[in-house]
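# Observations on the three-dimensional arrangement
Next come the chains, spelled out residue by residue.
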There are 2 protein chains.
Amino acid sequence: MRYATRIGPGGFNVLPTPLRRMKIALAQINTIVGDLAGNCQKIRDYAQQAARAGADLVVFPELCVTGYPPQDLLDSALFLDQTEQAMADLCRALPPDVGVIVGAPARNPGRVGKRLFNGAFLYENGVEVGAVYKRLLPTYDVFDEHRYFESGPPQEVVVWRGLRLGLHVCEDMWNNEDTAPYHLYAANPVDALAAQGIDLFVNISASPFSVGKHARRTRVVEGICREHGVPFVLVNQVGANTEIIFDGDSRVHGADGKMLACAPSFEEALVFWDTGDAAPCADPEHDDIADLHDALVLGIRDYMHKSPFFTKALVGLSGGIDSALTAALAAAALGPDRVVGVTMPSRYSSQGSVSDSRALAQNLGIHFQEIPIAPAVEAFDAMLEPAFEGTTPGVAEENIQSRARGVTLMALSNKFGYLLLSTGNKSELAVGYCTLYGDTNGGLAVLSDVFKTDVYRLSHYINDKAGRALIPENTITKPPSAELRPDQKDEDSLPPYSLLDRILQLYVEEHRGLDAIIRATNAGPDLVRDILDKVDRNEYKRRQVPPGLRVTMKAFGTGRRMPIVMQWQRESAQRVRQEAGDEGIEAG
Amino acid sequence: MRYATRIGPGGFNVLPTPLRRMKIALAQINTIVGDLAGNCQKIRDYAQQAARAGADLVVFPELCVTGYPPQDLLDSALFLDQTEQAMADLCRALPPDVGVIVGAPARNPGRVGKRLFNGAFLYENGVEVGAVYKRLLPTYDVFDEHRYFESGPPQEVVVWRGLRLGLHVCEDMWNNEDTAPYHLYAANPVDALAAQGIDLFVNISASPFSVGKHARRTRVVEGICREHGVPFVLVNQVGANTEIIFDGDSRVHGADGKMLACAPSFEEALVFWDTGDAAPCADPEHDDIADLHDALVLGIRDYMHKSPFFTKALVGLSGGIDSALTAALAAAALGPDRVVGVTMPSRYSSQGSVSDSRALAQNLGIHFQEIPIAPAVEAFDAMLEPAFEGTTPGVAEENIQSRARGVTLMALSNKFGYLLLSTGNKSELAVGYCTLYGDTNGGLAVLSDVFKTDVYRLSHYINDKAGRALIPENTITKPPSAELRPDQKDEDSLPPYSLLDRILQLYVEEHRGLDAIIRATNAGPDLVRDILDKVDRNEYKRRQVPPGLRVTMKAFGTGRRMPIVMQWQRESAQRVRQEAGDEGIEAG
């Protein structure tokens, strides 16, 4: 259906009128946070390319001028001055006779409130011809928008070349879809725009990826189109900025909700849609594991390429599956020649530790080095002998091995400008099954939001896609072990990963309580209690690990803000109750 | 003046009437985040003690039931259930015939908005007889209140035993005093309460310490009292929770603004005020350096005592002033018997490194060990020789030394349950003059918000107070050096600390730009540019350092959220401008 529904001033539906013919370009670009000049240059380039292809309107993502999320750069008066100047210059430098919608922070002219709005601006022939401000400001998980932005006033329709545009910003379309665990918004900007009578929704976004997001996005946009009988153009940022990965996935849906165009995920794209074209397109296939793979690859690539410091990526290879997967992802992201794998055997390393690592490096075509850590471990043991006299070897000694590896890797990183990728997965990080200043060392934690069970799935996916065992079969089938003491196996101290991951998902991602988790998993109460205690107790470790790529709705990292020094006891309520009942007790 | 101004329903002033006689107790308690049972027990104990002393009303701090800040514990349904249960039990368990005001999160019964309010509740004889919700929610610096809380409706006067109480929560009284750099609030809850006619303001707070806070607090409260002619009772939490230190500093001011009672800072207290007593008290003397000292001591003590894991604190002693000060503060916080100092000389350590450390340990009476790191450093050098062949020794080799010390300290920490205190100061951390996974290792960064110039002031203060050189004279007078290569001095790569600290203060704490800093300091543009670049470039290090005690308005830590991967160029605006002017260029 190629007609937009109009709602008259009195609120009555009037007959659909044909949508004015127009060619719209969706510019799904990858910006760099803070790089005003580079981002504006990219916007100009894409706008010119779109103009040459006959576009009437080019739509860019949310805050594309500053990159998203700019975080506390927004506290800098200088940065804001520069942003305003960059926008003024950009506006004049855009190609003529094309409408261009960009996202940028804008000063709040009001006397009170946060100093900025999160704005969407329509430029044409060197003039701003439309502007709206984001109303729904996400302030949960990784989002801190109310730290910087004031919620905008209800958006008015932007009337342009006879089209009534329902322009809004990211969260404005999500209303309560993703926010329900945290709060519900009172306003529904999309409804408010539709009520004014519009021909087309235009949403500019910086909407992060998490597994399953393509389908959630489709569901939300479809629902809006069907409810209001209006087509929808969504342009989302692509690219990773430190922890947060944006998948792009920009699209157009018709007034009946059907998808008419969709950009590829995880890469830049310029997609065109003619408003006269109502032919549905095929919904691009999305597979959770394939998306996860592509997201992690993009996360590594952008961390590396957007930082001016690094020559190659460095991975410590243990022979285990986490480091193997990390190396494989890095090779896919950067090319094998820009990846260095180092195996660092100790006396507790299995035979396979070195041979599997070497086989992996050969399969991937990455650089490979072997640096046994025995000299350092023996030196520390000797240095500490007087202090440790009479004690039983344990975690302290195990950690020395992990830290000797960490020092070795950082020495290579410092010497050669390598970006050290840490390899720990979400399951280990959750229960603290890692050594701070040892295997957690690095600039980027690639798998810190990937449960161990998904580490296996990803490894199989990579091998299946390659049609051969890039990740050696032995690495996949051997029982997981930290190899820090003789015959150590993960399962000696942890339940099977399938159960562990389910418990962790319920606790960390869904905030479920002890009883609920026991019911949902049928696991023993002592086991669940022990796992939950481990999660609580290791917050201090997670506070100091490198930023990790976020691929779920709740990663460790900036989206999780748990107190470190605290004494919450999951079963304390009962104790309080019992004590309160006993009025005789007084602690004086 | 012992009369409260009444404003009649019509808004006209009526004649002052005598304030009803009543004994009010200010319960300045130190709570533990998440410890519902312990906090409620403490509230009961203090309430009973106050009741025995004849108090009519006992006032506790903001969120005293949960401890402040509870952070993402507030996302847990179980935690909220437990909190409600704990409050119901507490309400019934409080002593009879006394009014008790406590702070706690409360569920927002509304259909929309954040799920909680930040509430103040008045309990009496097992019943809730009054409640208000915080209206001004700080969402800047370390504060994330809009992440959890909905802004409350305008507070209504709580009428209790004939008194009209202007009850409100923390930020509600600050309105725009501290928030101006970030935003201005539209509402002024204090004015709105006064307009209803009140006898007494009651503010419950979790208001963090920063240098100079006592005087700022006095100024704000005095101003409110004078404006409205109403006395003011302020009860603030005391104690440190991870990074944030609360100084207490609870007080009563009379209707004329004069201070009538004031609790000691940095310790628990129960202070009584009879509403009939209008005799001013002496304003407790506050000195910036003494406050800084006491705040850091409290910060160490609470981190240690509120965590169930640690037996002693551990400090690596270099012979330099930062580690000496850290050890002295730890000894003051925990007693010398619970502090272990370790000196770890290398071949580049000066003679004084060991002897000054030993003298310090003797002066303080702390435990002392010497563990030379040569074996580990030599082992790493040998292990890395093949990989490093043909390269020039530099930062990589220097960092190995620092990391060998870091591994040694962590081995002691892991073996004996020591809390490792890291010793780097704010100046070093700002410019990245520290080794990640080396000297930054630790559970708590004691001096990470203390500029080097204040490190000297604090050291002199400690020695002056002791009447002898607890911190050895040689440690204070020697030129600062990391001693990681021969004859290395800080001033080889950094300007004098007095200048460096001024530049950093302007940049980090006041968000000033390059030109403004050059003008304010008269420093050379290249020098300032270099310092600012160093600050920007080292965000990745600060992301991975331990939590540090916050003692200024802008510390590194959770209150500073800068992007890590980014490419802001302070002088990029000009480039943008030049390029935009040249329409001929096309990157196509």
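On a predicted model such as this, the values are computed, not experimentally measured, just so you know.

### With respect to the overall build of chain A
Secondary structure assignment for chain A yields 19 helices and 23 strands. For 588 residues, the compact-globule estimate of 2.2 N^0.38 gives 25 Å, and the C-alpha radius of gyration of chain A, at 27 Å, lies within 12% of that figure. Buried residues in chain A amount to 64% of all 588 residues. Long-range contacts, defined as pairs at least 24 residues apart, comprise 73% of the intrachain contacts of chain A with a sequence gap of at least 6.

### So, the interface of chain B and chain A
Contact with chain B, which involves 126 residues of that partner, is made by 126 residues of chain A. Taken together, the connections running from chain B to chain A amount to six salt bridges. On the surface where chain B and chain A come into contact, there are 40 residue pairs in polar contact (both at pLDDT 80 or more). The element best represented in the side of chain B that touches chain A is helix 10 (residues 395-416) of chain B, accounting for 14 residues. Among the residues forming the side of chain B that touches chain A, the class breakdown is 60 nonpolar, 33 polar and 33 charged. Where strand 6 (residues 113-114) of chain A lies against strand 11 (residues 183-184) of chain B, two bridges are found, and the strand directions are antiparallel. Each residue of the ladder has a partner; that of A:G113, found in strand 11 of chain B, is B:L184.

### Focus on the relation of the copies chain B and chain A
Once chain B is rotated about the relating axis by 180 degrees and shifted along it by 0.0 Å, it coincides with chain A to within an RMSD of 0.0 Å. The operation mapping one copy onto its partner corresponds to a two-fold rotation axis. Taking the C-alpha atom as reference, chain B places B:Q544 closest to the rotation axis, 2.2 Å from it. Both copies present the same face, since 100% of the interface residues in chain B are matched by interface residues at the equivalent positions in chain A.

### Section: the nonpolar core
Judged by nonpolar contacts, the single largest core of 198 residues is most densely connected at A:F60 and B:F60. Excluding anything up to four places from it in sequence, A:F60 contacts A:A27, A:I29, A:I43, A:Y46, A:A47, A:V100, A:I101, A:V102, A:I204 and A:V235. With 51 residues, the next largest nonpolar core counts A:V565, B:Y303, B:I366 and B:L447 among its residues.

### Observations regarding the sheet that holds strand 21 (residues 367-370) of chain B
Residue and element names in this part refer to chain B. Within the open sheet, the five strands sit side by side as 21-20-19-22-23. Their pairing is parallel. Each edge of the open sheet is held by one strand with a lone partner, namely strand 21 and strand 23 (444-445). Pairing analysis gives three bridges linking strand 19 (residues 312-317) to strand 22 (residues 418-422), with the strands arranged parallel. From the neighbouring strand, K312 faces strand 22, where its bridge partner is Y418.

### Brief notes about helix 10 (residues 395-416) of chain A
For helix 10 of chain A, with 22 residues, the first-to-last C-alpha span of 32 Å sits near the 32 Å given by 1.5 Å per residue. The element helix 10 of chain A is extensively covered by neighbouring structure, given that 19 of its 22 residues are classed as buried.

### Side note on the confidence of the model for chain A
Residues and elements named next belong to chain A. Per-residue confidence for chain A averages 92 on the pLDDT scale, and 94% of its residues sit at or above 70. Within the model, the stretch residues 572-588 combines pLDDT values under 50 with 27 contacts to residues more than four positions away or in other chains. Both scores are available for the predicted complex, with the pTM at 0.94 and the ipTM at 0.93.

### Digging into the packing of aromatic side chains
One pass over the full model with this rule turns up 27 aromatic pairs over all chains. Each ring, one from A:Y148 and one from A:F149, has its centre 6.3 Å from the other, and the planes form 70 degrees; the classification is edge-to-face. Accessibility classification places A:Y148 together with A:F149 in one group, the buried group. Between B:F209 and B:F266, the aromatic rings sit 5.2 Å apart at their centres with planes inclined by 75 degrees, giving edge-to-face as the arrangement. Taken together, the positions of B:F209 in the loop between strand 12 (200-205) and helix 5 (213-228) and B:F266 in the loop between strand 17 (259-262) and strand 18 (269-274) put the pair 57 residues apart, joining distant regions of the chain. Ring pairing ties together the aromatic residues A:F117, A:F121 and A:Y133, which thus form one cluster. Above the face of the B:F272 ring, B:K23 is positioned so that its terminal group lies 5.1 Å from the ring centre.

### A few points about unusual backbone geometry
Cis peptide bonds are those with omega within 30 degrees of zero, and the linkage from A:Y68 to A:P69 qualifies with 0 degrees. As for its placement among the helices and strands, A:P69 is situated in the loop between strand 4 (57-59) and helix 2 (77-93). Phi angles above zero are rare outside glycine, and B:N175 is one such case at about 40 degrees. When you line up the elements, B:N175 lands in the loop between helix 3 (171-174) and strand 11. At B:N522, a position not held by glycine, the phi torsion is positive, near 60 degrees. Residue position: B:N522 is located in the loop between helix 16 (514-521) and helix 17 (525-537).

### What about the pattern of salt bridges?
Applying the stated criterion across every chain yields a total of 74 salt bridges over all chains. Ionic pairing is found between A:E177 and A:R219, a salt bridge with its closest N-O pair at 3.6 Å. One end of the pair, A:E177, is in the loop between helix 3 (171-174) and strand 11 (183-184); the other, A:R219, is in helix 5 (residues 213-228), with 42 residues separating them in the sequence. A salt bridge links A:K258 to A:D256; the nearest nitrogen and oxygen atoms lie 3.7 Å apart. Linked through salt bridges whose partners overlap, the residues forming this network are A:D144, A:R561, B:D144 and B:R561.

### Points about the packing of helix 16 of chain B against helix 17 of chain B
Residue and element names in this part refer to chain B. Packing of helix 16 against helix 17 brings their axes to within 10 Å, and their N-to-C directions diverge by 125 degrees. With respect to their mutual orientation, helix 16 and helix 17 come out oblique. The two elements helix 16 and helix 17 cross, and the hand of that crossing is right-handed. Facing helix 16, whose interface residues are L514, I517, I518 and T521, helix 17 presents P525, V528, R529 and L532. Split by residue class, the contact of helix 16 with helix 17 holds six nonpolar, one polar and one charged.

### Section: the sheet that holds strand 19 (residues 312-317) of chain A
All names here are of chain A. Sheet architecture is open: five strands sit in the order 21-20-19-22-23, paired in parallel fashion. The sheet is open, and its two edges are formed by strand 21 (367-370) and strand 23 (444-445), each paired on a single side. Relative to strand 23, strand 22 (residues 418-422) runs parallel, the two being bridged by two bridges. Looking at strand 23, one finds that S422 is bridged to A445.

### Brief notes about the side chain of B:S448
Residues and elements named next belong to chain B. Of note, S448 is situated in the loop between strand 23 and helix 12 (452-466). Residue classification places S448 among the buried residues on the basis of a relative accessible area of 5%. Ignoring anything within four residues of it in the chain, the contact list for S448 reads G424, N425, K426, L429, G548, L549 and F556.

What counts and what doesn't
- Residues numbered from 1 in each chain as written.
- Chains lettered and ligands numbered in written order.
- Predicted model: local features only at pLDDT ≥ 70, side-chain atom pairs only at ≥ 80, totals over all residues.
- Heavy atoms only, no water.
- Helix = DSSP H or I, 4+ residues; strand = E, 2+ residues; numbered from the N terminus.
- Rg over C-alpha atoms; globule rule 2.2 N^0.38 Å.
- Buried < 20%, exposed > 50% of the residue type's maximum accessible area, 1.4 Å probe, protein only.
- Contact = heavy atoms within 4.5 Å.
- Salt bridge = Lys/Arg side-chain N within 4 Å of Asp/Glu carboxyl O.
- Polar contact = N/O pair within 3.5 Å; in protein donor to acceptor, adjacent residues only side chain to side chain.
- Nonpolar A, V, L, I, M, F, W, Y, C, P; charged D, E, K, R; others polar.
- Pairing = 2+ DSSP bridges.
- Least-squares fit on C-alpha atoms with pLDDT ≥ 70 in both.
- Core = buried A, V, L, I, M, F, W, Y, C linked by side-chain atoms within 4.5 Å.
- Expected span 1.5 Å × (residues − 1).
- pLDDT = per-residue confidence, 0-100.
- Phe/Tyr/Trp six-rings, centres within 6.5 Å; stacked < 30°, edge-to-face > 60°.
- Lys NZ or Arg CZ within 6 Å of the ring centre and 35° of its normal.
- Axes fitted to C-alpha atoms, helices over the stretch in contact; angles between N-to-C directions.
- Parallel < 35°, antiparallel > 145°, perpendicular 65-115°, else oblique.
- Left-handed = near helix turned anticlockwise from the far one by under 90°.

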